[in-house]
Amino acid sequence: MKRLFAILISSLIIVLSFAQNRTKTTYLSVVEELSRKLKLELSYSSDLVSLTDSTDFLFSSRADSCISELEKKAMLKITKTDTHLIVSSKVPAYVRLQGTVTDATTGELLPYANILIENAGTGTITNQNGQFDFKILGRYAGSKITFSFLGYKSEQVIMPFADNNALRVQLQSKPYTLSDIYILPKGTEAVDIVKRAVKNIKRNYARNTSQMEAFFRRTDYRDSVASQLIEAALLIQDYGIDQQASTTRIQLQEIRKSTNYLVKWDAKDRLFIAGLEKMFGHQNMFYRAYANYVRLYRSDWWFEPLTDYDTFKYEFAGFEWFDSVKVYKIRFIYDALWPDGRRASHNTNFEDGGCIYINSEDWAILKVEQWMKGLKGKASTLNGEYFEHSEMGYQKINGKYYLKYKQSLNAPNGKFWVYENPDAPDKHKKIKYMQWAETTLLITKVISDKKEMDKVRYREMLAHDEDSYKTTYPYHPEFWKNYTILKQKPMEEKFVKEMEWEKSLDIQFEENSSNHAENK
């Protein structure tokens with residue numbers, strides 16, 4: 001009996017010893033132990049090589065074979081000198097990925113598709129032409145990159161170990177058919193879906209500080225003729241959905257502005273605008289571009305389709321697919337009661353409304369569209385169809401949603417309408433042409449890890465009331481030559497030709513910068 005007990009104890013010790021040797025550890029612990037055994041000082045850069053991944057690596061009796069195995073298993077390069085054990089990565093410091101995301105059936109390019117690098121906890125999107133061009137730390141090579149788009153099945157590719165400028169990602173569409181008709185639970189109305197989505201905003205959207213790199217572009221038109229261009233690289237710091245939107249900080253990294261060829265406001269217009277700014281304050285164009293319905297859902301604002309359920313009416317407008325999850329499409333219409341007893345929705349000149357797209361699984365808002373458009377040609381609109389139009393989409397990174405893009409139709413940096421007979425009574429005025437603008441904000445990178453943030457200090461942030469039209473800033477041409485987002489979203493040839501009727505854009509950018517003012 002004693003002998004049997006001794007055998008059992010010995011067997012248990014052997015099993016525990018083996019299990020201990022197979023216990024998960026990290027590559028950092030492994031190389032630290034290796035450096036101790038070799039009596040060499042460990043040297044590596046955490047920015048260029050990741051040693052935090054877990055492993056069940058076992059030491060061999062010989063250091064050389066141990067190093068060889070480590071290099072193969074972890075894609076490392078390990079060098080011994082007389083004093084140091086140097087660990088680096090076999091892949092480049094950064095890997096650049098370029099390509100397109102298209103519909104697998106039609107070949108149509110998909111704008112604003114989500115791109116998520118899973119291990120990095122960061123993401124970006126395609127541009128309006130379905131193209132992407134971004135750099136990612138080489139230490140994430142081998143990670144999965146997920147491409148997704150509303151109405152399509154997601155697709156995953158493995159991040160390559162070297163630059164790739166010809167990635168072609170094709171997504172399979174997932175249309176719904178008559179057999180897919182979704183029956184809402186009994187007693188559920190469209191407004192109930194909106195209410196549930198709003199109730200889950202604090203659960204779905206980031207509540208901690210996050211940082212975003214963004215590209216801003218504003219183009220002004222006189223009818224269809226290009227008349228002004230403003231582009232900027234921004235750093236946005238958002239303190240989370242629990243904090244008021246006014247706490248957001250935006251740092252201007254670079255900007256370039258062309259000459260303004262719009263017909264400018266006359267004295268009467270300027271007086272009216274000054275009165276509005278006195279009442280409501282001037283809002284910086286970049287903060288205005290970042291403003292979106294989810295971020296403003298608690299704001300005291302007259303147009304609140306996410307919270308003002310008495311002023312809007314809602315209807316179920318079908319659904320789409322987001323990968324394998326159904327997305328509710330809820331249409332809303334502004335329906336305020338006017339003093340004369342009429343409802344806003346009965347207006348025959350224009351329609352004021354939009355659509356909200358809500359994930360049926362986690363109740364997150366994936367996209368919001370809002371418009372005010374003319375009906376039956378009875379109203380003069382800015383671009384032939386809309387008085388106002390905006391669209392904003394959201395992306396999920398590390399379990400939380402963030403803004404991924406916003407595009408909108410805006411008032412111009414000048415007069416709305418230019419008349420052939422400006423001195424005639426209003427009812428006899430004839431419109432010569434209309435002026436309007438388009439604004440696009442692309443969130444090119446989201447950072448949720450505070451350790452990786454380059455936080456925006458208070459003294460570096462743009463003032464919320466700064467007039468960026470009038471302010472001059474430094475212009476650095478070398479920055480824009482290497483700014484890859486421009487390759488994602490190049491200017492149309494027609495636009496460039498129209499803007500350069502008098503002088504090149506490079507000269508315009510220089511003349512409208514503080515560099516030019518200082519050199520005068």
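To be clear, the structure that these remarks concern was listed above.
Computed from a prediction, not measured in an experiment: that's the story for all the values here.

Peer 1: Before we go on, may I ask you to explain the nonpolar core in this structure?
Peer 2: For soluble globular proteins, the rule of thumb is that nonpolar side chains tend to be buried together. In this structure, Leu 234, Phe 286, Ile 358 and Ile 365 are the most contacted members of the largest nonpolar core, which totals 85 residues. For this core, the element with the most residues is strand 14 (residues 225-238), which contributes 8 residues. If you look at the next biggest cluster of nonpolar residues, it comprises 21 residues, including Ile 145, Tyr 152, Leu 167 and Leu 171.

Peer 1: What should I look at first to understand the sheet that holds strand 7 (residues 114-117) in this one?
Peer 2: On the basis of which strands lie adjacent, the open sheet formed by 4 strands has the order 8-7-10-11 and antiparallel pairing. Because the sheet does not close on itself, it has two edges, and the strands there are strand 8 (122-125) and strand 11 (155-158). Within this sheet the neighbouring strands show an average axis-to-axis angle of 20 degrees, counted without direction. Looking at chain direction, strand 7 and strand 8 are connected through 4 bridges and run antiparallel. From the neighbouring strand, Leu 116 faces strand 8, where its bridge partner is Gly 123.

Peer 1: How should I be thinking about the sheet that holds strand 12 (residues 164-171) in this particular structure?
Peer 2: In sheet architecture, strand pairing relies on hydrogen bonds along the backbone and comes in two forms, parallel and antiparallel. Within the open sheet, the 3 strands sit side by side as 9-6-12. Their pairing is mixed. A single partner strand is all that each edge strand has here, and the edge strands are strand 9 (131-137) and strand 12. The sheet shows a mean angle of 30 degrees between the axes of neighbouring strands, direction not considered.

Peer 1: Before we go on, may I ask you to explain the pattern of salt bridges in this structure?
Peer 2: Oppositely charged side chains may form a pair once their charged atoms are brought near each other. Here the structure, examined in full by the defined rule, presents 18 salt bridges. The shortest N-O distance in the salt bridge between Asp 362 and Lys 396 comes to 3.5 Å. Residue Asp 362 is located in the loop between strand 18 (350-359) and strand 19 (365-374), and its partner Lys 396 is located in strand 20 (residues 386-397); the two are separated by 34 residues in the primary sequence. The closest approach of N and O atoms between Glu 511 and Lys 503, which form a salt bridge, is 3.0 Å. For Lys 503, a relative accessible area of 25% translates into the label partly exposed. A network of salt bridges, in which partner residues are shared, links Lys 202, Arg 207 and Asp 242.

Reading the values: rules and limits
- Residues numbered from 1 in each chain as written.
- Predicted model: local features only at pLDDT ≥ 70, side-chain atom pairs only at ≥ 80, totals over all residues.
- Heavy atoms only, no water.
- Core = buried A, V, L, I, M, F, W, Y, C linked by side-chain atoms within 4.5 Å.
- Buried < 20%, exposed > 50% of the residue type's maximum accessible area, 1.4 Å probe, protein only.
- Helix = DSSP H or I, 4+ residues; strand = E, 2+ residues; numbered from the N terminus.
- Pairing = 2+ DSSP bridges.
- Axes fitted to C-alpha atoms, helices over the stretch in contact; angles between N-to-C directions.
- Salt bridge = Lys/Arg side-chain N within 4 Å of Asp/Glu carboxyl O.

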